[in-house]
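# Reading the structure
If you want the building blocks of each chain, they are given just below.
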Amino acid sequence: MADRVISNPIINSPYRAPTRHFAFDNEGITDRIEEFRRPSSYFVPVPRPRKRGAQQQLELGELTADQIEKNQFVNDIRSRVERWRLLGRPDVTPVTRQLLEYWTDPERDNPVLFCQLEAAETAIYLAEAAQKAGETWIRNELDKRNEEHNARLGRIALKMATGSGKTVVMAMLIAWQTLNKAASPNDARFARRFLIVTPGLTIRDRLRVLLPEHDENYYKQRDLVPADLYGDLGQARIVITNFHAFQRRETKQGQGVSKTSKELLAGYSGAPSPFLESWGQMVSRVCRDLGGTSEIVVFNDEAHHCYRGRLDDPDADPASKTLSAEDKAEARANSKAAHVWFNGLRAIEQKLGVKTVYDLSATPSFLSGSGYPEGTLFPWVVSDFGLVEAIESGIVKIPRVPVDDDAVSVDVKYLNLWPNIGPELPKKSRKEGTVSPDNLPGVLEGALTSLYGSYEQAFSQWQGSAAAKEGEPPPVFIIVCNNTTVSKMVYDYVAGWRKPVGANGKTVPAPGKLALFSNVDDGTWAHRPRTILVDSEQLESGEGLSADFKRIAATEIDEFKNDYLRRYPGRSADDIDDAQILREVMNTVGKKGKLGEPVRCVVSVSMLTEGWDANTVTHILGVRAFGTQLLCEQVVGRGLRRRSYAADENGFFTPEYADVYGVPFQFIPTVGKTKDLKLKQVHRVRAEPERALAAIGFPRLTGYRIELPDENLWAEFTERSNLVLTPSDVPMQTVVSGLIGITGTHTLDDLKARREQEIAFQLARRVMERFLTDGQDPKPWYFPQVLRITKDWLAQCVTYQGGTFPGLLLLAENAERAARLIFHESISSQPGNRQARVLPMFRAPDPAGSTSDVDFFTTKEVYPTSAERCHVNFVVLDGQRGNTWEETAAQILEAMPQVAAYVKNDHLGFTIPYVFEGRSRLYIPDFLVRLKPLNGEEACTLIVEVSGSHKPPGPTKEKADTARNLWLPAVNNHGGYGRWSYCELTDPTRFWQDLETAIGALQAGIGASAVVGP
């Protein structure tokens, strides 16, 4: 076969549906491009060494084009979702439509990747639109598959490559569910209670970004929720746990009972302990913080660990009969973990009710020990964006593996490393002190040295980069070993070790053989180790570190505890245990300013934990067996997260690479070098509490209504309107007495105490009820006019004689006389004098917004604002290199004496609804400007639009016309938000003059601010 090397495998945009893919033939993947999207298929290709006759470690045979089997269920659903997308995504709720339009807005600062959008769209389509589109077969087929495999638990699996943003998709789906439930509490399709289940503590801790109250939550960081909906997100109740919490624990009653007593009480029948909590008690413990009684939505992260296992024929997998003892132990562990996870979900479904379970995984497939062949895709997968597509779209790093070498052998040694080194490495049971880093197999030492040489080049490139100058962490090298003995041996070789000196047991720090990774400097241990040793399985279970591992990693643990105390003065090392320290270090590798920032090399026992999200990995070495391509992808996936998401001039990502030895895995044979990456600087834009005097409030409108009132009413008082109250009408005092005894006097003091405001209100209401109704329907819009006329009538037409007072008018007879005089003898109107008015329709339940709610992240250029003039710390400048017109406008607004405060309308939630081409849209003007009040008059606010510069083309006229002719009249007629006006700036040389003209007109109440018509 001719060499097939692809210089740049990125052939699709990350923000649009893939339209091209590299074809396979019977020799494997080719450099031939097919001009359509890659169909979802069952197999994962295997790398092919260029040397002929090599024996593959995996023993899977040739994975070629004739072995590709398409996933018809996924492809059929994908085609329906594509059609629904092209039709404008019909049959969804208004909230869902707003979210979809927000996520797909081409002007977004932080665009949503297509793979993320497609996963969310598929979930939305199945829940809201599929049935209305007549595609009931999808739900029927899912129900059938879930009945067979999941005991009717409603699972939906979304397959997304490692590093493609599964957490973002979870945030999108939580927002979609919560905001719809807030808008329509009785809609049974949605929920506001969520349980997120993870395979370990690392992911559990990392997924805290899904909590809306978290300071760095994804809803803000990834800009997933419009500002006007963000408040409703607080209704979500979210619990994040690792599946180990589903294990039933011992009750408090059993904690003081001896083991022997428990066995006697349980008997010898194998019955469970009577002190073990029930399934219901377990559910109450895990889900306590969810509250409520409605059904919940579950998210399984890394869901390939959760399955029921095969019931009809558990031994049907032929590979299970040929597993080694170590592989059988791993299969049993897989099966046990899956059993705990799956049964925990079933218990939750039975007690609380589960609306839907969303499974997210890069490899949603059965593991060994399930009864199915390892790698068999879950039948309930509905969306697939696999690793090949992710590479072709530039979403993840491109793994490069050895495809040739100059050794005299038939195989490529550093590709298929384990068969060449496994027999020479110690077993797990080897006692400490009987192995030495000096006894590393020659092939393994050669692989380490060769891959380290590549790392040195990457490290040198990083040292000279702009990222390093800005304090970004160094590249990371990870080594995955098969057991603790081998990992310790490799760790000592790489990082240094305590070398015995003499016969008295004395040791001295010996430096590691790989200088950039050595933890020993000038004969002493470094204060901040460059290499760490972790046991992922122990760290993830939460059960603490074993004594053996703590002994092996004692020096490393001590150094990181010391570093912890240096970084956090005043804290005690007793506040945090060894496992927490190591987990914190591991979780923050590659993160600026964190405990794991200086780490350059990670040596891991077993597989590096899932959810480990370091994006600085550039090199991976596998020192273990790889029996399946599934395992290969999971290990390599730890290093595939990109560092830079800056697109080039064509909207494509720049290739990034990860070099991999010892993992027989490759999708696309490629040569290339990671260029100096352009890392976007992230700014947090928010309202500063100390600037509260510069806050600006505004109304939130959903639309407008045109009111055509009846004729205006006015007062025309004559002598016939007058009323004179005398004691002859109503006695002021009444004396009561019996035949004998004390005499009493009754008065009307209670009526005398009534206020004139109340009297006028009651009389006006009587006029409305008696005379201003249309049949049975009242006319409440008349009440303000009638109340005004009634007050004038009381002041001008009523005379009180002989000690009478206004409260007497509340007596029924007097009230009726007054109502008749007011309506028949005082009120006049002119038929035909009806002037239409436009009034606002406010958003419920929050009709008003404020700059106080601004808090988001941006990678755009920013202009720091004046603390005296702006509540928000930055003005975000639109356009790739900023918008100088907006910056100029901000500078002028800060200098103008008439301006009290201003703000850039970005993530503020201030919109102007308008219609264009028959569709409702939202116009987002550029600035709001609050003016200084003149002589105590009402507040004045100016809406400013900066047209031109980097502004995209669009319905500019429709936006401006709606603002002037509908929004301004509606808000000004309402009167509850002061007086508003609108100004459009089109020439930067006239910004000051045009602003002064608009401000003068607003303060004078003329121009746009004076408009009250439709």
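Residues numbered from 1 in each chain as written. Predicted model: local features only at pLDDT ≥ 70, side-chain atom pairs only at ≥ 80, totals over all residues. Heavy atoms only, no water.

### Details of the overall build of the protein chain
Note the following rule: Strands here mean DSSP runs of E at least two residues long; helices mean DSSP runs of H or I at least four residues long; both are numbered from the N terminus. Burial classes: relative accessible area under 20% of the type maximum marks a residue as buried, over 50% as exposed, and values in between as partly exposed (1.4 Å probe, protein chains only). When checking whether two residues touch, look at their non-hydrogen atoms; a contact exists if any pair is within 4.5 Å.
If you tally the helices and strands in the protein chain, you get 27 helices and 40 strands. Out of the 1014 residues belonging to the protein chain, those deemed buried represent 53%. Considering only intrachain contacts with a sequence separation of at least 6, the fraction spanning at least 24 residues in the protein chain is 76%.

### With respect to the pattern of salt bridges
Quick note on the threshold: For salt bridges, the criterion is a side-chain nitrogen of Lys or Arg within 4 Å of an Asp or Glu carboxyl oxygen.
This model, assessed by the stated rule, comprises 41 salt bridges. With a closest N to O distance of 2.8 Å, Arg145 and Glu141 form a salt bridge. Note that Arg145 and Glu141 are positioned in helix H4 (residues 136-149) at a spacing of 4 residues, about one turn of the helix. Under the relative-accessibility criterion, Glu141 is labelled partly exposed at 24%.

### Quick word on the sheet that holds strand E38 (residues 927-931)
Test applied: By this definition, two strands are paired if DSSP reports at least two bridges between them. The axes used here are C-alpha line fits, helices contributing only the stretch in contact, and every angle between their N-to-C directions lies in the interval 0 to 180 degrees.
The strand order across the open sheet built from 4 strands is E35-E38-E39-E40, with neighbouring strands paired in mixed fashion. Each having just a single partner strand, strand E35 (899-904) and strand E40 (979-985) make up the two edges of the open sheet. Between one strand axis and the next, the sheet turns by 20° as a mean value, whatever way the strands run. With 4 bridges joining them, E38 and strand E39 (residues 940-946) adopt antiparallel strand pairing. Along E39, the bridge assignment pairs Val929 with Leu942. Here helix H26 (residues 956-974) sits on the sheet in contact with E39 and E40, set at roughly 165° to E40.

### Topic: the environment of Gln891
Relative to the helices and strands, Gln891 is located in helix H25 (residues 884-895). As for Gln891 and Thr865, which are separated by 26 residues in sequence, their C-alpha atoms are 8.5 Å apart.

### Some words on the side chain of Asn146
Mapped onto the fold, Asn146 is located in helix H4. Residues within four places of Asn146 in sequence aside, it is in contact with Ala151, Arg152, Leu153, Gly154, Arg155 and Trp380.

### Some remarks on the side chain of Glu392
Quick note on the threshold: Polar contact is the term for a pair of N or O atoms within 3.5 Å; when the atoms are in protein, one must be able to donate a hydrogen and the other to accept it, and sequence-neighboring residues count only if both atoms are side-chain atoms.
With respect to the secondary-structure elements, Glu392 resides in helix H11 (residues 387-392). Overall, Glu392 belongs to the buried group, its relative accessible area being 1%. Side-chain polar atoms of Glu392 contact the backbone nitrogen of Phe22, separated by 3.0 Å.

### As for H4
Defined as follows: The length a helix should cover is 1.5 Å for every residue beyond the first. It is the directions from the helix axis to the C-beta atoms whose arc is reported.
The end-to-end C-alpha distance of H4 is 20 Å, a good match for the 20 Å that 14 residues give at a rise of 1.5 Å each. Taken together, the buried positions of H4 are occupied by Ile138, Leu142, Asn146 and His149. For H4, the buried positions fall inside an angular range of 75° around the axis, keeping them on one side. Counted as exposed and oriented over 90 degrees from the buried face of H4: Lys144 and Glu148. After H4 finishes, the residue Ala151 shows a positive phi value of roughly 50°.

### Structural notes on helix H2 (residues 94-103)
All buried positions along H2 are accounted for by Val95, Thr96, Leu99, Leu100, Tyr102 and Trp103. Down the axis of H2, the buried set is contained in an arc of 160°. They therefore lie on one face. Against helix H1 (72-86), helix H3 (114-129) and helix H5 (166-183) lie the buried residues of H2.

### What to know about the nonpolar core
Counted only if it meets this: We call a set of buried residues a nonpolar core when its members are Ala, Val, Leu, Ile, Met, Phe, Trp, Tyr or Cys and they connect through side-chain atoms within 4.5 Å of each other.
With 110 residues, the main nonpolar core has Trp103, Leu173, Ile196, Tyr219, Ile238, Phe299 and Tyr358 as its most contacted residues. Residues contacting Ile238, with those up to four places away along its chain left out, are Ile174, Phe194, Ile196, Leu210, Leu211, Pro212, Tyr219 and Leu290. Counting 56 residues, the second-largest nonpolar core is a separate cluster that includes Phe856, Tyr863, Phe874 and Cys940.

### Re the environment of Arg817
Here Arg817 shows up in helix H24 (residues 812-826). When its relative accessible area of 32% is taken as the criterion, Arg817 is described as partly exposed. For the pair Arg817 and Leu723, spaced 94 residues apart in the sequence, the C-alpha separation amounts to 8.7 Å. Setting aside its immediate chain neighbours within four residues, Arg817 contacts Leu723, Val724 and Asp729.

### A closer look at the sheet that holds strand E16 (residues 601-605)
Spatial ordering of the open sheet is given by E9-E18-E17-E10-E16-E15, a layout of 6 strands whose pairing is parallel. Two strands in the sheet have a free side with no partner beyond their single neighbour: strand E9 (398-400) and strand E15 (531-535). In this sheet, neighbouring strand axes are inclined to one another by 20° on average, regardless of whether the strands run parallel or antiparallel. Relative to strand E18 (residues 657-661), E9 runs parallel, the two sharing 3 bridges. The residue bridging Arg400 from the neighbouring strand is Asp659, located in E18. Sheet strands touched by helix H13 (residues 442-463): strand E10 (476-481), strand E17 (617-623) and E18. Its angle to E17, the strand with the most contacts, is close to 175°. Contacting E10, E15, E16 and E17, helix H15 (residues 484-495) runs over the sheet at an angle of about 175° to E15.

### Re the packing of aromatic side chains
Put simply, the test is: When two rings of Phe, Tyr or Trp (its six-membered ring) have centres within 6.5 Å they constitute a pair, described as stacked for plane angles under 30 degrees, edge-to-face for angles over 60, and tilted for the intermediate range. Charges are assigned to positions over rings by a cutoff of 6 Å between ring centre and Lys NZ or Arg CZ, combined with an angular limit of 35 degrees from the ring normal.
Counted under the stated rule, the structure contains 30 aromatic pairs. When the ring of Phe243 is compared with that of Trp341, the centres are 5.3 Å apart and the planes differ by 5°; the resulting orientation is stacked. Taken as a pair, Phe243 in the loop between strand E5 (237-242) and helix H8 (259-266) and Trp341 in helix H10 (residues 325-351) lie far apart in primary sequence, 98 residues in all. A ring pair is formed by Phe459 and Trp462, whose centres lie 5.2 Å apart and whose planes are at 45°; its orientation type is tilted. You can see Phe459 and its partner Trp462 sitting in helix H13, 3 residues apart, about one turn around the helix. An aromatic cluster is built from Tyr452, Tyr455, Phe459, Trp462, Phe477 and Phe517, whose rings are joined through pairwise contacts. Over the aromatic face of Phe378 sits the side chain of Arg155, whose NZ or CZ is 5.8 Å from the ring centroid. Taking NZ or CZ as reference, Arg222 lies 4.4 Å from the ring centre of Tyr218, over its face.

### Observations regarding the confidence of the model for the protein chain
Stated formally: A residue's pLDDT is the predictor's confidence in that residue, given on a scale from 0 to 100.
Mean pLDDT over the protein chain: 83, with 80% of residues reaching 70 or higher. Residue range residues 44-64 is modelled with pLDDT below 50. Its contacts to residues more than four positions away, or to other chains, number 70 contacts.

### Considering the pairing of E35
Along E35, 6 of the 6 residues are buried, which leaves the element largely enclosed by surrounding structure. Looking at chain direction, E35 and E38 are connected through 5 bridges and run antiparallel. Bridging from a neighbouring strand, Val899 pairs with Leu931 of E38.

### Quick look at unusual backbone geometry
Even without being a glycine, Glu302 presents a positive backbone phi close to 55°. Following the sequence through the fold, Glu302 ends up in the loop between strand E6 (296-301) and H10. Even without being glycine, Asp522 reaches a positive phi, approximately 50°. Positionally, Asp522 belongs in the loop between strand E13 (520-521) and strand E14 (524-525).

### Points about the pairing of strand E7 (residues 354-361)
Most of E7 sits inside the fold, with 7 of its 8 residues counted as buried. Pairing analysis gives 5 bridges linking strand E3 (residues 155-160) to E7, with the strands arranged parallel. Within the sheet, the bridge partner assigned to Lys159 lies in E7 and is Ser361. Strand direction decides the pairing type here: E6 and E7, joined by 6 bridges, are parallel. Opposite Val297, over in E7, you have Thr356 as the bridge partner.

### Observations regarding the state of the cysteines
Counted only if it meets this: Any pair of cysteine sulfurs within 2.5 Å is marked as a disulfide.
This model, assessed by the stated rule, comprises 0 disulfides. Cysteine Cys481 is unpaired, with the sulfur of Cys601 as its nearest cysteine sulfur at 9.4 Å. By relative accessible area, which is 0% here, Cys481 ends up buried.

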